[in-house]
Amino acid sequence: MDIKLPNLDNYRSSFEKSGISLPLAPVDFNVNGLIDTIPKAQNAQTGWPWDEEVDPAIYNKDIVWPKLTIVTPSYNQALFLEQTIRSVLLQNYPNLEYIIIDGGSTDGSVEIIKKYAPWISYWRSEKDNGQGNAINLGFSLSSGNYHAWINSDDYYLKDVFSFVINKFLISKTDFIYGYVLNFETLTNRFELIRPRLFSDYFIRIPTLGQPSCFWSEKIHQPIWEELSCSLDYELWLRMLKGKKRMRIRAPLSVASIHDEAKTYDPKMKIAWEKDHQLICSKSAHGPVYNWDRIQLFNRILHKLFKILNL
């Protein structure tokens, strides 16, 4: 492959030259939890993550908890952003590095970020070169043992960090993925998306729900910044082949479905097609040979999984 990927060390050096001290300070851990310390939510909603938090006591004091880095790329998502931030902070994970890279929002997002700034390892709000660039900038600052990114219109479910990191520690796997709850904002309905087990043979078939994916820093690779929509899918193609992975048969996150979301915005059709052409080009991953056969085997396998409840 001849994909032009950015060197994250160059991004890191630019931050250091601007005066950013690395490694970043982790989020303050409070044995009594953060819910009475961080600001109150702007709305009067109840439940997770508004007036509930993860009990810090679930983190065994005898365990040296590995550092978890969460990056949030954001641009003009003030309607959802506070929920995203609270769902990260109120996990009360004892070794958390939280980074927000905002692309220069003008909708009130910056005010929300500033509100929680004392509990964020690093944040900035200035023009960038799109979502992929924002994610790469965030991870260039990372010193975590494990990585994930959560978009600013999605959020984690309760107890997820504890659950996932425990699985990493027990299994020694490289990559963990789980179910996703799609939330339709217009109808207030949830739909459970259940990715199946998959092998490298089926890796070109889109399977994974990005906000429910976590991975070891040992396998981390940069985002291909030329892509606008399929950047997570293409990352999995490069990053996961031959790697040990584990599926969690439970939802780990909620993805908001709304008119501005890339996956559901009709105006993004051209961008999706451009990404497809780039990914399937000879200089990238190339065309998929025997595609009909792969799809047929995949359908048969899924029917078998359904029968066996796998």
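Here, the structure is the one placed above.
Residues numbered from 1 in each chain as written. Predicted model: local features only at pLDDT ≥ 70, side-chain atom pairs only at ≥ 80, totals over all residues. Heavy atoms only, no water.

Asker: So what's going on with the pattern of salt bridges? Which residues, and what values?
Answerer: Applying the stated criterion to the full structure yields five salt bridges. One salt bridge connects R124 with E126, and the closest N-O pair in it is separated by 3.4 Å. (Salt bridge = Lys/Arg side-chain N within 4 Å of Asp/Glu carboxyl O.)

Asker: Describe the nonpolar core, with residues and values.
Answerer: I70, Y98, Y156, F161 and F214 are the most contacted members of the largest nonpolar core, which totals 43 residues. One finds L22, L141, F198 and L208 within the second-largest nonpolar core, a separate group that totals 37 residues. (Core = buried A, V, L, I, M, F, W, Y, C linked by side-chain atoms within 4.5 Å. Buried < 20%, exposed > 50% of the residue type's maximum accessible area, 1.4 Å probe, protein only.)

Asker: Can you tell me about the packing of aromatic side chains, naming the residues and giving the values?
Answerer: This structure, assessed with the given rule, holds 20 aromatic pairs. For the pair Y156 and F161, a centre-to-centre distance of 5.1 Å together with 70 degrees between the ring planes defines the contact as edge-to-face. The pair formed by Y156 and F161 is uniform in burial state, with each residue classed as buried. (Phe/Tyr/Trp six-rings, centres within 6.5 Å; stacked < 30°, edge-to-face > 60°.)

Asker: I'd like a rundown of the pairing of strand β8 (residues 213-216), residues and numbers included.
Answerer: Alternating residues of β8 divide into C213 and W215 and F214 and S216, and every residue in both groups is buried. In this structure, strand β6 (residues 175-184) lies alongside β8, joined through three bridges in antiparallel fashion. When the sheet's bridge partners are listed, I176 is paired in β8 with F214. (Helix = DSSP H or I, 4+ residues; strand = E, 2+ residues; numbered from the N terminus. Pairing = 2+ DSSP bridges.)

Asker: Break down the packing of helix α1 (residues 8-17) against helix α4 (residues 131-140) for me, with residues and values.
Answerer: Following both chains from N to C, one finds α1 and α4 inclined at 70 degrees, their axes separated by 8 Å at the closest point. As judged from the angle between their axes, α1 and α4 are roughly perpendicular. Across the interface between the two elements, L8, Y11, R12 and F15 of α1 pack against N133, N136, L137 and S140 of α4. (Axes fitted to C-alpha atoms, helices over the stretch in contact; angles between N-to-C directions. Parallel < 35°, antiparallel > 145°, perpendicular 65-115°, else oblique. Contact = heavy atoms within 4.5 Å.)

Asker: Before we move on, can you summarise the environment of S74 with the specific residues and values?
Answerer: Within the element layout of this structure, S74 appears in strand β1 (residues 68-74). In this structure, the C-alpha to C-alpha distance between S74 and A134, residues 60 residues apart in sequence, is 8.0 Å. Those residues in contact with S74, other than ones at most four positions away along the chain, are L81, I101, D102, G103, S105 and S152. Among the polar contacts made by the side chain of S74, one reaches the side chain of S152 at a distance of 3.1 Å. (Polar contact = N/O pair within 3.5 Å; in protein donor to acceptor, adjacent residues only side chain to side chain.)

Asker: Before we move on, can you summarise helix α3 (residues 109-116) with the specific residues and values?
Answerer: Turning to α3, its buried residues are S109, V110, I112, I113 and Y116. All buried residues of α3 fall inside an arc of 160 degrees around its axis, so they share one side. Facing away from the buried surface of α3 by more than 90 degrees, the exposed residues are E111 and K114. On its buried side, α3 packs onto α2 (78-89), β2 (96-102) and β3 (122-125). (Arc of directions from axis to C-beta.)

Asker: Which residues make up the side chain of D154, and what values do they have?
Answerer: Among the secondary structure elements, D154 is positioned in strand β5 (residues 154-156). Contact partners of D154, with chain neighbours within four places excluded, come to T84, Q210, P211, V254, A255 and S256.

Asker: Hey, could you go over a nonpolar patch on the surface for me, with residue numbers and the actual values?
Answerer: A contiguous nonpolar patch, built from L197, L304, I307, L308 and L310 and spanning about 460 Å² of accessible area, is present on the exposed surface. Within the element layout of this structure, I307 appears in helix α8 (residues 291-308). On the basis of relative accessible area, I307 is assigned to the exposed category, the value being 68%. (Patch = residues over 30% accessible without salt bridge, like charges linked within 9 Å, V, L, I, M, F, W, Y side chains within 5 Å. Areas by Shrake-Rupley, 256 points an atom, 1.4 Å probe, with all protein chains shown as cover.)

Asker: A description of the pairing of β1 should follow, citing residues and the corresponding values.
Answerer: Extensive coverage of β1 is indicated by the burial of seven of its seven residues. Neither face of β1 is exposed, since L68, I70, T72 and S74 on one face and T69, V71 and P73 on the opposite face are all buried. Note: β1 against β2, seven bridges, orientation parallel. Counted as the bridge partner of V71 is I99 from β2. Since β1 and β2 lie parallel, the crossover through α2 that links them has a hand, and here it is right-handed. Judged from the four bridges that link them, β1 and strand β4 (residues 146-149) form a sheet pairing that is parallel. Bridge pairing in β4 links T69 to H147. (Right-handed = clockwise from strand over helix to strand, strands pointing away.)

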